[in-house]
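# Examination of the molecular architecture
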Amino acid sequence: MTVNNTNNITNLNVNQNNLLEKISTGLAINKASDNAAGLAISDQLSLQKNSLTQSVENVNSGVAMSNIAQDGIASQKELLQNIKTETLKAMNGTTSQEGREAIETQINKYIEQYDQIAQSTNYNGQQLLKTAGDATDDLSIVADESIVSMEKSDTTSITDQLKVFMEDFSTNSDSMSGILDTVDSGLNTLASFASEYGSSSNALESMARNYMTAQTNLDSANSTILDFDFASGIADFNKTNIQSQVGYLAQSQANAVQSRVVSLLT
């Protein structure tokens, strides 16, 4: 009888300690012995969430990179428009030779600014509007089981063509016409580059929303497995606490009776 009561008290103490641990951590599973299957599922969910978290970071970086590239292209398009305006002014019969030379100087400045934008528009050290013709031109964004293909834009090829016509711009009407044709073609090319970056940005933003929704669902599923029910747990703790006290009282009474019996026998 005494042995059984001692075992019961020991078991109650173990249960109390387990409940106290869960109450203090707020987790229903603190070690494998609490729920081995549940812990394994929780670990797998956490692994999936970590993968999604990194994917969201990658996607957000891709969106930021795309937006920076689009801003750079917008500035380049404005400069090409300025070059076209100045060229039309130079082609006008009322413009003097000195005026054409001044316009030539201004257009060269626009070209220089254009190239500076191509040089300086970058994300994390990666130039976005100037290509190298090798593997470094790949800007693809890698996410969870998905890849959005992106490449650097070859915007400087436009000014490379413009520079050829600028060699005799102020004295050659054919060079002026060549400038206009190159600018018109360049504006179409820049529009295509901007469209590609914009499409990639839209795709990435959609992916980010999907990944964040998946993260929320994983958190909810993991919470169902791991979170501790405080109301039920505290009720159980109070119950085992009372049972433990009753057990100690019964044990002390049994010990007292045993002591009196032994004293009577001796």
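Attention shifts here to unusual backbone geometry. Located in the positive-phi region is N124, a residue other than glycine, with phi close to 55 degrees. As for its position among the elements, N124 is in the loop between strand 1 (122-123) and strand 2 (126-127).

Here we come to helix 4 (residues 156-165). Three or more residues of helix 4 are buried, namely T156, I158, T159 and L162. Along the axis of helix 4, the buried positions cluster into a sector of 140 degrees, meaning they face one direction only.

Let us now look at the packing of helix 3 (residues 97-120) against helix 4. The interhelical angle for the contact between helix 3 and helix 4, taken along N-to-C directions, is 155 degrees, at an axis separation of 10 Å. Taken as axis vectors, helix 3 and helix 4 run roughly antiparallel relative to one another. Crossing angle aside, the handedness with which helix 3 passes helix 4 is left-handed. Packed against helix 3, whose contacting residues are I111, Y114, D115 and A118, the element helix 4 presents T156, I158, T159, L162 and K163 at the interface. Residue classes in the contact of helix 3 with helix 4 are distributed as 5 nonpolar, 2 polar and 2 charged.

Here the idea is simple: oppositely charged side chains can pair when their charged atoms come close. For the structure on display, the rule yields 3 salt bridges. Linking K84 and D184 is a salt bridge whose minimum nitrogen-to-oxygen distance equals 3.0 Å. Of this pair, K84 sits in helix 2 (residues 36-91) while D184 sits in helix 5 (residues 173-226); the two residues are 100 residues apart in sequence, bridging distant segments of the chain. By relative accessible area, K84 is classed as partly exposed at 25%. Residue classification places D184 among the partly exposed positions, given a relative accessible area of 32%. Across the pair K163 and D115 runs a salt bridge, and its minimum N-O distance is 2.9 Å. Here K163 is found in helix 4, whereas its partner D115 is found in helix 3, with 48 residues between them in sequence. Taking the relative accessible area as the measure of exposure, K163 reaches 39% and is therefore partly exposed.

Quick notes on the rules
- Residues numbered from 1 in each chain as written.
- Predicted model: local features only at pLDDT ≥ 70, side-chain atom pairs only at ≥ 80, totals over all residues.
- Heavy atoms only, no water.
- Helix = DSSP H or I, 4+ residues; strand = E, 2+ residues; numbered from the N terminus.
- Buried < 20%, exposed > 50% of the residue type's maximum accessible area, 1.4 Å probe, protein only.
- Arc of directions from axis to C-beta.
- Axes fitted to C-alpha atoms, helices over the stretch in contact; angles between N-to-C directions.
- Parallel < 35°, antiparallel > 145°, perpendicular 65-115°, else oblique.
- Left-handed = near helix turned anticlockwise from the far one by under 90°.
- Contact = heavy atoms within 4.5 Å.
- Nonpolar A, V, L, I, M, F, W, Y, C, P; charged D, E, K, R; others polar.
- Salt bridge = Lys/Arg side-chain N within 4 Å of Asp/Glu carboxyl O.

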